[in-house]
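# Observations on chain architecture
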Amino acid sequence: MAINVLIVDDSGVMRAMILKSLNMSGLPLGDTHQAANGQEGLDVLNQNWVDLVIADINMPVMNGEEMIECMKQKPETKDIPIVVISTEGSEKRLERLRQKGAAFIHKPFSPELIRDTIRNLMGLGGADDGGAD
Amino acid sequence: MTAEQIKETLYKVAGEVLEKLAFIFSFPEEEREPMDYSDAVIARVSFTGPFKGTLLMAVSKEALPEIAGNMLGLEDNSDAAAEQQYDALKELINVICGNLLPAIAGKQTVFNVEAPHIISSDEMMNSRGAGQPSSAAKLDMDDGQCDLMLYIEN
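Notes on the structure follow. (Residues numbered from 1 in each chain as written. Chains lettered and ligands numbered in written order. Predicted model: local features only at pLDDT ≥ 70, side-chain atom pairs only at ≥ 80, totals over all residues.)

## Description of the overall build of chain B
Across its full length, chain B holds 4 helices and 7 strands. Walking chain B from its N terminus toward its C terminus, one meets helices and strands in the order α-β-β-β-α-α-β-β-α-β-β. Across the 154 residues of chain B, 44% fall into the buried class. For chain B, contacts bridging at least 24 residues in sequence account for 69% of all contacts bridging at least 6. (Helix = DSSP H or I, 4+ residues; strand = E, 2+ residues; numbered from the N terminus. Buried ≥ 20, exposed ≤ 12 C-beta atoms within 10 Å, placed from the backbone. Contact = placed C-beta atoms within 7 Å.)

## Notes on the interface of chain B and chain A
Counting from both sides, the interface comprises 24 residues of chain B and, opposite them, 18 residues of chain A. Secondary structure elements with two or more residues in the side of chain B that touches chain A: helix H1 (3-22), helix H2 (64-72) and helix H3 (82-105) of chain B. Ranked by residues supplied to the side of chain B that touches chain A, first place goes to H3 of chain B with 11 residues. Residues that form the side of chain B that touches chain A fall into these classes: 12 nonpolar, 7 polar and 5 charged. (Nonpolar A, V, L, I, M, F, W, Y, C, P; charged D, E, K, R; others polar.)

## Structural notes on the sheet that holds strand S1 (residues 3-8) of chain A
Residue and element names in this part refer to chain A. Spatially, the 5 strands line up as an open sheet ordered S2-S1-S3-S4-S5, and their pairing is parallel. Of all the strands in the sheet, the pair left with one neighbour each is strand S2 (29-35) and strand S5 (103-106). Along the sheet, successive strands turn relative to each other by an average axial angle of 20°, direction set aside. The strands touched by helix H2 (residues 38-47) within the sheet are S1, S2 and strand S3 (52-55), with S1 carrying the most contacts at an inclination of about 160°. (Pairing = 2+ DSSP bridges. Axes fitted to C-alpha atoms, helices over the stretch in contact; angles between N-to-C directions.)

In structure tokens form, the structure reads like this:
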């Protein structure tokens, strides 16, 4: 199964780094989409089939937490797995995200951590069968 | 946390982020003179929370293309456009600040970190005019230097 991914981050450099990590990961990638804030992310979700959302928290226009809230309210998007990649260090905020079902990766991250987190979240298994080692 | 501990934390966090995010090794050079800020690209990020303040980060202009190239995974570092180089510096200061504050104040604290901005050396001097930074770090890299200044308002 090819995984269609949406990357939501207001930093173009960070989106490029996440995409590079995904390309190194050995995960079966399909289409990759990018958005610079939560609202753009929701627009992409409305127009495309996405299997996995990778999102930052602190973004202009609509932050990652608000985007996740909106996703959870729509039947079409409420079950899409979400990985939050952020500098967020507050345990209170992280617990709120966990309660919404999101996995969390702290910046700075390694490509291996992204790969393993996605594998665990999506039940893909195969922890050591290639990718960025 | 004492002033000395905050300084040690600033050095540790900045070094780790430069290494992990930009694949750049840096070395503390506490005794050297501050950089020539007219020949640097400077970013600023402000924050509020249990305490509020500002973090400034200056990087030598000659070092920034390699940093941005490494972060973007470019084969030829000179291909990083100026806007990408600024974006790379903003991401670096954002991650440093995001890791620094809970390391100083504890993981239970909640800070609101504003979006980082690129500022001119004049704006930086105005920020510095507000007084001495609460903490500062001077790092040397292969192709340049990096100074960080943390201002905490009481």
